[in-house]
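# Topology and contacts: notes
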Amino acid sequence: MMLLRGTPNLATASLCFICLLGLKLQSTATPCSIDVPGQVEYLIGKASETELDCRLYTPTISDYENCPNTTLTCFAEELKMLIKEWRSVSTFPKPPLVSGLKSLSSQFNKTESRCRCCECHKEENATAFLKRLLSTLEVMNSQNC
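Not measured: the values here are computed from a predicted model.

Right, let's get into the state of the cysteines. Tallied over the entire structure, the rule returns two disulfides. Note that Cys 67 is cross-linked by a disulfide to Cys 115, the S-S spacing being 2.0 Å. Between Cys 67 and Cys 115 the disulfide shows an S-S torsion of about -95°. By sign, it is left-handed. One end of the pair, Cys 67, is in the loop between helix H3 (61–66) and helix H4 (68–89); the other, Cys 115, is in the loop between helix H5 (97–106) and strand S2 (123–125), with 48 residues separating them in the sequence. Look at Cys 67 and you get buried, because its relative accessible area is 6%. Linked covalently through their sulfurs, Cys 74 and Cys 118 form a disulfide whose S-S length is 1.9 Å. Taking the torsion about the sulfur-sulfur bond, which here is approximately 65°, the covalent link between Cys 74 and Cys 118 counts as right-handed. You can see Cys 74 sitting in helix H4 and its partner Cys 118 sitting in the loop between H5 and S2, a full 44 residues away along the chain. Across this residue pair, the class does not change: Cys 74 and Cys 118 are buried.

Here it is as structure tokens:
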């Protein structure tokens, strides 16, 4: 067996070790968001103030547990539609929530199969949709934060 000798070889071995450590740390990152549930709570309050009657495809906690990426992506797309509807009837700031949900969904490295398409979920009003989203985020945070 040949041992590495000299400064260049030691530097190479150290660099390889640091790179492997970095890869290990990246793979253990878990989706967690402390601020997103607060933004959803704000929107729940807004939903009760508006008289907008729209229906949104609403995934369940079970959908999240089986297909987290697909579920959060569905919530993000439906939320985008809700905000668009709200903005059509009043001035409503665009919250960073949609991009936050998409970012969270991309953090799941789980292989998903047999996931329902967003349009296959039950349609619910805005308040029920937002409450389900909040519950889903609370489950995610309880598992990962």
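In an α-helix, one full turn covers 3.6 residues, which means residues spaced three or four apart are oriented alike. When we look at burial in H5, the residues that qualify are Leu 97, Val 98, Leu 101, Leu 104 and Ser 105. Axial view of H5: buried residues confined to an arc of 125°, hence all on one face. Contacts made by the buried residues of H5 are with helix H2 (36–49), H4 and helix H6 (126–144).

Moving on to the packing of H4 against H5. Packing of H4 against H5 brings their axes to within 8 Å, and their N-to-C directions diverge by 170°. On the basis of the axis angle, H4 is roughly antiparallel to H5. On H5, the residues that touch Asn 69, Leu 72, Thr 73, Phe 75, Ala 76, Glu 77, Leu 79, Lys 80 and Ile 83 of H4 are Leu 97, Val 98, Leu 101, Lys 102, Leu 104 and Ser 105. For the contact of H4 with H5, the class distribution of residues is nine nonpolar, three polar and three charged.

A few words on the packing of aromatic side chains. With the rule as written, the count across this model stands at one aromatic pair. Ring geometry for Phe 75 versus Phe 129: centroids 5.4 Å apart, planes at 55°, classification tilted. Of this pair, Phe 75 sits in helix H4 while Phe 129 sits in helix H6, placing them 54 residues apart in sequence.

Rules and cut-offs
- Residue numbering note: each chain is counted from 1, following its sequence as written.
- Predicted model: local features are reported for residues with pLDDT of at least 70 only, side-chain atom pairs are reported and counted for 80 or more only, and whole-chain, interface and lining totals are derived from all residues.
- Only hydrogens and water are removed before side-chain values are computed, so all heavy atoms of the structure are retained for them.
- Cysteine sulfur pairs qualify as disulfides if the two atoms are within 2.5 Å.
- Secondary structure counts use DSSP, requiring at least four H or I residues in a row for a helix and at least two E residues in a row for a strand, with both numbered from the N terminus.
- Only protein chains enter the accessibility calculation, which uses a 1.4 Å probe. A residue is then buried if its area is under 20% of the maximum for its type, exposed if over 50%, and partly exposed in between.
- To be clear, the arc concerns the directions from the helix axis to the C-beta atoms.
- Note on contacts: a residue pair qualifies if any of its non-hydrogen atoms lie within 4.5 Å across the two residues.
- The axes used here are C-alpha line fits, helices contributing only the stretch in contact, and every angle between their N-to-C directions lies in the interval 0 to 180 degrees.
- The scheme is simple: roughly parallel for angles under 35 degrees, roughly antiparallel for over 145, roughly perpendicular for 65 to 115, oblique for anything else.
- Side-chain classes follow a simple rule in which Ala, Val, Leu, Ile, Met, Phe, Trp, Tyr, Cys and Pro form the nonpolar group, Asp, Glu, Lys and Arg form the charged group, and the remainder, Gly included, forms the polar group.
- Each Phe, Tyr or Trp ring (for Trp, its six-membered ring) is paired with any other whose centre lies within 6.5 Å, and the angle between the two planes then decides the class: stacked below 30 degrees, edge-to-face above 60, tilted in between.

By themselves these figures say nothing about function.
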